[in-house]
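What follows is each chain in one-letter form.
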Amino acid sequence: MNNNNQKYQIALDNRELKPPKRNLGAEKLRVIFLSGIFSLFLIITIILTLPLTVLTWSGLFVYSSIVSLVIFLFILLIRYFATLFMAYFYVTRYTVEEKEGFYPFISILVPVYNEGVVLQYSIESLLDIDYPNYEIIIVNDGSTDDTSAVAEELVGHQRGRSGLVKISLINKPNSGKAKALNAGIQYSEAQFILCMDGDSQLTPNSLRMAVRHFIDPAVGAVAGNVKVQNRKHLLTDLQALEYLEGLNMPRSAQGFIQMVNIIPGPIGLFRKAALRDAGFYSSDTFAEDADITLKILAQNWKIIYEPNAIAYTEAPSSIHQLLKQRYRWTRGILQAIRKHKRHLINPTVNFNNSIILWQMFYEALIWPVMNIFVNLYFIIVALFYGLSSFIFLWWMGIAVLDLMAAVYCIATEKEEFRLVPYAVIYRIVFILLIDVTKAMATVEEFLGIRMTWGKLERTGLRGLPKTANNTAGAR
């Protein structure tokens, strides 16, 4: 092993590319035209239906609750089955699709800040990767613990599964994950960059499975599959189910149309040209992964989902840590949406980005509020108007949907079947708690209340869980 450390002076350029000039007059005319047609449709609907509406106050509450229940379930069913069918079509196409071998040189970037407890285990998982041509670049973002010392012990050429792997270290002042990743991107000479979190552990076939999509020159990035490592507890088991049903299944559906909306921080493989076109990572949001994804899509690159490029991550093991994490995720996503709002309000700029942004807007802003309001409203109406049987049937219907989705996701990913029973309380308890946190984060974001990044306390879990063995050899 060679531990001769070579030091380099790197000039970092974190500037974003200037957007192209736009014809604002034409864009405004298109928006006015579309808005006029939609407004005319609403006016006609109101004129035709208003004379037929005759209700008492008591009847208003009863009928409105029933109509609201039907509308809510209708939206829920469309959301579920559209996601489920597209995910199924993607997985079906994926299992029969053959791709040629493609093994370009890849740089794996590991940005770390106070990750001394887990860094050794993360690097061990990277050295066990079954890929013949890659390097590891650790970017120490001004850690105050022993991260730098642990990283320096790893620098040099280490023995990997497929031969010697070069490990480099960049020490820089603390300036955030986005700038740490930019430092590694500009230091790397590879044309393909894998970005991950310092606590993530990758399965051996992750690189081989992800990089083959870049045979298509239109593919700018590949989103990996994130799973929970620290299971066997109620809260972390619920998160393991959430990652399968709430994150990976929608990502499979988005992979069907090649427009994944968020490349997860624990594992994302990029074409360097796509990162350059997007202006690299930005540090003006708390969700740099969502921001870089939207910028890559805006440059008309395709983004694919690879279910067998798997990263295991340590999930929060306490309610307090979980809510802090989801609070930051929500505010970061809202910041990314506001940053790219021109695609949200004007679909003529980039129609694909508009679809993705509206979907993100719905999931981050509308759905949590709707879910909280519907639960409270139906409970109040049931208590005062004797509709408790409807509420029970409603909750049972939602539980059946979640059970169905859980069985599908666990069967598809060869996961632990013991997670299925958690689906009974997943929507009614766990997701409702998360949605309350999202609603509070949304209010504070629009009020402009200052927030800090926050950091999850790591326990230093070693090795991959048993479920990794089920997917390590998958196609």
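Anything mentioned here points back to the structure above.
Residues numbered from 1 in each chain as written. Predicted model: local features only at pLDDT ≥ 70, side-chain atom pairs only at ≥ 80, totals over all residues. Heavy atoms only, no water.

1. Some words on the overall build of the chain
Secondary structure summary: the chain contains 15 helices and nine strands in total. Counting only residues that meet the buried cut, the chain has 51% of its 475 residues in that class. A sequence separation of at least 24 residues applies to 84% of the contacts in the chain between residues at least 6 apart. Carbon and sulfur atoms form 65% of the exposed surface of the chain, whose accessible area is close to 22,900 Å². (Helix = DSSP H or I, 4+ residues; strand = E, 2+ residues; numbered from the N terminus. Buried < 20%, exposed > 50% of the residue type's maximum accessible area, 1.4 Å probe, protein only. Contact = heavy atoms within 4.5 Å. Areas by Shrake-Rupley, 256 points an atom, 1.4 Å probe, with all protein chains shown as cover.)

2. Notes on the side chain of Asn 140
Among the structural elements, Asn 140 can be located in strand 2 (residues 134–141). The buried category is assigned to Asn 140, whose relative accessible area is 4%. Within the local environment of Asn 140, its side chain forms a polar contact with the side chain of Asn 171, the two groups lying 2.8 Å apart. Apart from the residues lying within four places of it in its own chain, the contact partners of Asn 140 are Val 112, Thr 147, Ser 148, Leu 169, Ile 170, Asn 171 and Lys 172. (Polar contact = N/O pair within 3.5 Å; in protein donor to acceptor, adjacent residues only side chain to side chain.)

3. Re the sheet that holds strand 5 (residues 192–195)
Taken in spatial order, the nine strands line up as 3-4-2-1-5-8-7-9-6 in an open sheet, and their pairing is mixed. Looking at which strands have only one partner, the edges of the open sheet turn out to be strand 3 (156–160) and strand 6 (201–202). Taken together, the eight bridges between strand 7 (residues 219–228) and strand 9 (residues 302–313) define a ladder with parallel strand orientation. Bridge pairing links Val 219 to Lys 302 in strand 9. The strands touched by helix 3 (residues 119–127) within the sheet are strand 1 (106–112), strand 2, strand 3, strand 4 (163–172) and strand 6, with strand 2 carrying the most contacts at an inclination of about 165°. (Pairing = 2+ DSSP bridges. Axes fitted to C-alpha atoms, helices over the stretch in contact; angles between N-to-C directions.)

4. Notes on a nonpolar patch on the surface
A surface patch of nonpolar side chains, about 490 Å² in accessible area, is lined by Phe 85, Tyr 88, Phe 89, Phe 256 and Ile 257. Ranked by the residues each element gives to the nonpolar patch, the list is headed by helix 2 (residues 57–96), at three residues. (Patch = residues over 30% accessible without salt bridge, like charges linked within 9 Å, V, L, I, M, F, W, Y side chains within 5 Å. Salt bridge = Lys/Arg side-chain N within 4 Å of Asp/Glu carboxyl O.)

5. A look at the pairing of strand 8 (residues 268–271)
Taking every second residue as pointing to the same face, both faces of strand 8 are buried, with Gly 268 and Phe 270 on one and Leu 269 and Arg 271 on the other. Of the strand pairs in this sheet, strand 5 and strand 8 are connected by four bridges, and their pairing is antiparallel. Considered in strand 8, the bridge of Ile 193 is made with Phe 270. Strand direction decides the pairing type here: strand 7 and strand 8, joined by three bridges, are antiparallel. Along strand 8, the bridge assignment pairs Ala 223 with Gly 268.

6. Thoughts on the environment of Met 396
Tracing the backbone shows Met 396 in helix 13 (residues 388–412). The class for Met 396 is partly exposed, based on a relative accessible area of 42%. Along the chain, Met 396 and Val 424 lie 28 residues apart, while their C-alpha atoms are 8.6 Å from each other.

7. Quick word on the packing of helix 10 (residues 319–339) against helix 14 (residues 423–447)
When two helices pack together, their arrangement is captured by the angle between the axes and the distance separating the axes. With their axes 8 Å apart at the nearest point, helix 10 and helix 14 run at an angle of 50° to one another. If you check the angle between helix 10 and helix 14, you find them oblique. Where helix 10 crosses over helix 14, the handedness of that crossing is right-handed. Residue-level inspection shows Ile 319, Leu 322, Leu 323, Arg 326, Tyr 327, Thr 330, Arg 331, Leu 334, Gln 335 and Arg 338 of helix 10 in contact with helix 14, the latter providing Phe 430, Leu 433, Ile 434, Thr 437, Lys 438, Ala 441, Thr 442, Glu 444, Glu 445 and Phe 446. Counted by class, the contact of helix 10 with helix 14 contains ten nonpolar, four polar and six charged residues. (Parallel < 35°, antiparallel > 145°, perpendicular 65-115°, else oblique. Left-handed = near helix turned anticlockwise from the far one by under 90°. Nonpolar A, V, L, I, M, F, W, Y, C, P; charged D, E, K, R; others polar.)

8. Description of the pattern of salt bridges
All told, the structure shown has 22 salt bridges when counted by the stated rule. As a salt-bridge pair, Asp 284 and Lys 339 come within 3.1 Å of each other at their nearest N and O atoms. With Asp 284 in the loop between helix 8 (272–277) and helix 9 (288–298) and Lys 339 in helix 10, this pair connects stretches of sequence that are 55 residues apart. For Lys 339, a relative accessible area of 30% translates into the label partly exposed. A salt bridge links Glu 416 to Arg 418; the nearest nitrogen and oxygen atoms lie 3.3 Å apart. Judged by relative accessible area, Glu 416 falls into the buried class, the value being 19%. Three or more residues joined by partner-sharing salt bridges are found here, namely Lys 227, Arg 231, Lys 232, Asp 237, Glu 413, Glu 415, Glu 416 and Arg 418.

9. Here we look at the pairing of strand 5
Regular strands place side chains that alternate from one sheet face to the opposite one. Because side chains alternate across strand 5, one face comprises the buried residues Phe 192 and Leu 194, and the other comprises Ile 193 and Cys 195, equally buried. Relative to strand 5, strand 1 is paired through four bridges, and the arrangement is parallel. Bridge pairing in strand 5 places Ile 108 opposite Leu 194.

10. Some points on the environment of Lys 324
For Lys 324, the location among the structural elements is in helix 10. Exposure remark for Lys 324: the relative accessible area of 37% places this residue in the partly exposed category. Separated by 113 residues in sequence, Lys 324 and Thr 437 have C-alpha atoms that sit 8.7 Å apart.

11. So, the environment of Glu 245
Checked against the element boundaries, Glu 245 lands in helix 7 (residues 234–256). The exposure class assigned to Glu 245 is buried, which follows from its relative accessible area of 4%. Along the chain, Glu 245 and Val 407 lie 162 residues apart, while their C-alpha atoms are 9.4 Å from each other. Once you skip the residues sitting within four places of it in the chain, Glu 245 turns out to touch Tyr 80, Pro 250, Asp 402, Ala 405, Ala 406, Cys 409, Tyr 426 and Arg 427. Within the structure, the side chain of Glu 245 is placed 3.2 Å from the side chain of Tyr 80, a separation counted as a polar contact.

12. A look at the packing of helix 7 against helix 14
Between helix 7 and helix 14, the shortest axis-to-axis distance is 11 Å and the interhelical angle comes to 90°. Our classification of the angle between helix 7 and helix 14 gives roughly perpendicular. Contact residues: Leu 234, Leu 235, Leu 238, Gln 239, Leu 241, Glu 242, Glu 245 and Gly 246 in helix 7; Ala 423, Ile 425, Tyr 426, Arg 427 and Phe 430 in helix 14. Looking at side-chain class alone, the contact of helix 7 with helix 14 contains eight nonpolar, two polar and three charged residues.

Everything listed is a geometric property; what it means functionally is a separate question.
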